[in-house]
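Letter by letter, the chains look like this.
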Amino acid sequence: MSVELRVPEVGESITEVQIGAWLKAEGDHIERDEPLVEIESDKATLELPAPVSGTLTKVLAKKGAIVKVGDLIAELTEGASLGVATKAPVKTAAVAASGPAAPAAPAKAVAKPAAAALPSSAAAPPRVMPAAARALADAGLASTEVHASGPGGRLLKEDVAAHVAQLGTKPPASISPLDRVESAAPADARGEEAVPMSPMRVRIAERLKEAQNNAALLTTFNEVDMSSVVALREELKEPFQERYGVKLGFMSFFVKATVDALMHFPQVNAEIRGREIVYKNYFDIGIAVGGGKGLVVPVLRNAERLSFAEIETAVTDFGARAKENRIQLEELYGGTFTISNGGVYGSLLSTPIVNPPQSAILGLHAIHKRPVAVNDEVVIRPMMYLAVTYDHRVIDGRESVTFLKHIKDLIERPTRMLLGL
C-alpha cells in the first residue's frame, strides 16, 4: 500500500522548512519510526521518522528544497521490501541512488576494490576545493577518481584522504609534483559558489537586524577579577563532579549572579509590548551555544530555582545536543534574558546583540592574567571583561551600569551567592 510522507507541523508560527539530509535513499528498506529525513526550521533541525515499515519508493523534495507544512515530500510502500526473502543486505544510500538493483554479480566481482562503485571518469568533474586539490596532487589522483561528498558535489580534502586510506594509493614515481598539480587543480581555482542560507541562518539574520532597527542599543562594560571563583572552583571541582557527575564550570556562577541582579533591577528583565513595558516575575535565562547549524539559545526555565549542579548539568546537555542538532523547538522559545560566552572562542571584548523581544544580554569573555592595582600594589590577576548590551528605551544608563556592577561584586565574592546575601 502506498503511503504519503508530508511535512508535519513543527512549531508555532513555522510555515515552511528546508529539507536537510535524507537518511535513506529510494529503494531502501525502512522500519516504522526509523529516522528518514532531516528537516530544518528557523529554530532547529528535526528528524522526521518513517510512519510505516516498508520501502522508500520516491523522494519528491531533494536536499535543500524549501517546502511548506503539509507538502508531500516522499512516497513509501508499506510492507516487506524487495529482496528481503533472499536476505540480501540493505542497500546503502550511494547504491540506491544510482538506480534499480543490478543482477547478482559472480563471487569474483565482489572481491574488487570498493573504488569500482565510485563515480568513473565519465562522470562530470566535481568542484574541487583548494585543500582537496593539494591532497589530489600529493596522491597523484584525478578529481574524477574520488567520490565527492561535499554540498553541491564538492570534492573535499576528507574525500581524498578516505580514498587514499581505502585503496592504499601512493603517488606514481613517474609523475612529477608539478604534473600532478596541473592535472588535479580545478580549472577555475578562483571560482565562487552560491549556497542557500539555511532557515536558521535566515532567521538569525532577521532577528539581529530587527534588534538593530527597532531597539535603542547601547553597551556598557566592566571587568571582573575571577580569582575567587577560580580558587573556589579549583577547591571544589573534584567533590562536585564526584557527587553530581558534572564539572563545575563558570557558567553556573554567572547564571546565579545574573538572576540575583535581575531581581534587583527588574527593568533589565522586562520587554516592550506595544506601548507597555511588561515586567516579568520569573527568570528564564537563555544560554547561547554554538550548534552544528549555527548559534542557538536554549532556555533555562525558572533559573532562580536551580542549584549550581542543575545549571551545570543543563548547560552541558545543551552544548552536547546543540552540536548534534538535537535541541528541541520548545527549548528555544521564550527567555527573559540571555548570556553569551564569546570567551570560549577566545574573544577578549565584544558588544553582543540583544535577542528580541528581550531588553538586554550579558557578554562573557576570555579570562586573561593581567597586572591590576590592588591595595595600591600591582599584582597579576585572572581578569575578564563583561559587557551588557541593553535597550535604552527600557533601561537607563544608571540601571545598566549598576546591574553589571552587581554581577561583578557577586563574582568577586562568590560566597555571598552561596549564603544568599
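Residues numbered from 1 in each chain as written. Predicted model: local features only at pLDDT ≥ 70, side-chain atom pairs only at ≥ 80, totals over all residues. Heavy atoms only, no water.

Q: Would you take a moment to explain a nonpolar patch on the surface for this structure?
A: Together, F221, L348 and L349 line one region of the surface with nonpolar side chains, adding up to about 270 Å² of accessible area. Residue placement: L349 occurs in the loop between strand 17 (337-341) and strand 18 (360-364). By relative accessible area, which is 46% here, L349 ends up partly exposed. (Patch = residues over 30% accessible without salt bridge, like charges linked within 9 Å, V, L, I, M, F, W, Y side chains within 5 Å. Areas by Shrake-Rupley, 256 points an atom, 1.4 Å probe, with all protein chains shown as cover. Salt bridge = Lys/Arg side-chain N within 4 Å of Asp/Glu carboxyl O. Helix = DSSP H or I, 4+ residues; strand = E, 2+ residues; numbered from the N terminus. Buried < 20%, exposed > 50% of the residue type's maximum accessible area, 1.4 Å probe, protein only.)

Q: Where do I start with the environment of L349 in this structure?
A: Taking the C-alpha atoms as reference points, L349 and L386, separated by 37 residues in sequence, lie 7.8 Å from one another. When near neighbours in sequence (up to four residues on either side) are disregarded, L349 contacts F221, H365 and Y385. (Contact = heavy atoms within 4.5 Å.)

Q: What is the right way to read the confidence of the model for the protein from this model?
A: Caution applies to low-pLDDT parts of the model: their predicted coordinates are not meant to be read in detail. Summary statistics for the protein give a mean pLDDT of 81 and a share of 81% for residues scoring 70 or more. A low-confidence stretch, residues 82-123 (pLDDT under 50), is modelled with 26 contacts involving residues beyond four sequence positions or located in other chains. Confidence drops under pLDDT 50 across residues 169-185; counting only partners more than four residues distant or on other chains, this segment forms 22 contacts. (pLDDT = per-residue confidence, 0-100.)

Q: Help me out: how do you make sense of the side chain of T258 in this one?
A: Its place among the elements puts T258 in helix 8 (residues 251-264). Setting aside residues up to four positions removed in sequence, T258 forms contacts with F337, I339, L362, F403 and I407.

Q: Can you help me understand helix 7 (residues 227-244) in this one?
A: Since the α-helix turns once every 3.6 residues, residues separated by three or four places project in the same direction. Given a rise of 1.5 Å per residue, 18 residues ought to cover 26 Å, and the 24 Å separating the end C-alpha atoms of helix 7 matches this to within 8%. Of all the bends in helix 7, the largest measures some 50° and sits at L236, one to four residues before the proline P239. The set of residues buried in helix 7 consists of V229, L232 and F240. Following helix 7 by one or two positions, G245 adopts a phi angle in the positive range, close to 75°. (Expected span 1.5 Å × (residues − 1). Bend = angle between axes of the 7 residues up to and from the residue.)

Q: I keep staring at the sheet that holds strand 6 (residues 54-59) and nothing clicks. Help me out?
A: Read across the open sheet, the four strands follow the order 1-8-6-3; overall the sheet is antiparallel. Looking along the sheet, the strands with just one partner apiece sit at the ends: strand 1 (2-6) and strand 3 (29-30). Of the strand pairs in this sheet, strand 6 and strand 8 (residues 72-78) are connected by five bridges, and their pairing is antiparallel. The partner of L56 across the bridge, within strand 8, is L76. (Pairing = 2+ DSSP bridges.)

Q: What is the right way to look at the pairing of strand 1 in this model?
A: Remember that side chains alternate between the two faces of the sheet whenever the strand is regular. Alternating positions in strand 1 separate cleanly, V3 and L5 being buried on one face and S2, E4 and R6 remaining unburied on the opposite face. One ladder, built from five bridges, connects strand 1 with strand 8; its direction is antiparallel. Residue pairing in the sheet places L5 in a bridge with A74 of strand 8.

Q: I keep staring at the packing of aromatic side chains and nothing clicks. Help me out?
A: The description of an aromatic ring pair uses the distance of the two centres, along with the angle that the planes make with each other. This structure, assessed with the given rule, holds four aromatic pairs. Between the aromatic rings of F240 and Y244, the centroid separation amounts to 4.9 Å while the plane-to-plane angle is 55°, which identifies the pairing as tilted. Here Y244 and F240 lie together in helix 7, a separation of four residues that amounts to about one turn. Judged by its relative accessible area of 10%, F240 is buried. Relative to F308, the ring of F253 has its centre 5.1 Å away and its plane inclined at 70°; by these criteria the two rings are edge-to-face. You can see F253 sitting in helix 8 and its partner F308 sitting in helix 9 (residues 308-323), a full 55 residues away along the chain. Across this residue pair, the class does not change: F253 and F308 are buried. Aromatic ring contacts, followed pair by pair, group F265, F337 and F403 into a single cluster. Sitting over the face of the ring of F250, R233 holds its NZ or CZ atom 4.6 Å from the ring centroid. Directly above the aromatic system of Y385 lies the positively charged group of R370, at a separation of 4.3 Å from the ring centroid. (Phe/Tyr/Trp six-rings, centres within 6.5 Å; stacked < 30°, edge-to-face > 60°. Lys NZ or Arg CZ within 6 Å of the ring centre and 35° of its normal.)

Q: Would you mind showing me how to read the sheet that holds strand 4 (residues 35-40) here?
A: Across a sheet, paired strands are connected by hydrogen bonds in the backbone, their directions being either parallel or antiparallel. The antiparallel open sheet is built from four strands, whose spatial order is 5-4-2-7. Looking at strand neighbours, the two that pair on one side only are strand 5 (45-49) and strand 7 (66-68), the edges of this open sheet. Between one strand axis and the next, the sheet turns through 45° on average, direction left out of account. Looking at chain direction, strand 2 (residues 16-22) and strand 7 are connected through three bridges and run antiparallel. What sits directly across from V17, in strand 7, is V67. (Axes fitted to C-alpha atoms, helices over the stretch in contact; angles between N-to-C directions.)

Q: Help me understand the nonpolar core, please; the structure alone is not making it clear to me.
A: Note on soluble globular proteins: their nonpolar side chains tend to be buried together. If you look at the biggest cluster of nonpolar residues, it comprises 79 residues, and the most contacted ones within it are W22, I73, L300 and I411. Once you skip the residues sitting within four places of it in the chain, I73 turns out to touch L5, V7, I19, W22, V37, L48, K58, V59, L60, A61 and V67. Core analysis: the next-biggest nonpolar cluster, separate from the first, contains eleven residues, V128, A132, A135 and V146 among them. (Core = buried A, V, L, I, M, F, W, Y, C linked by side-chain atoms within 4.5 Å.)

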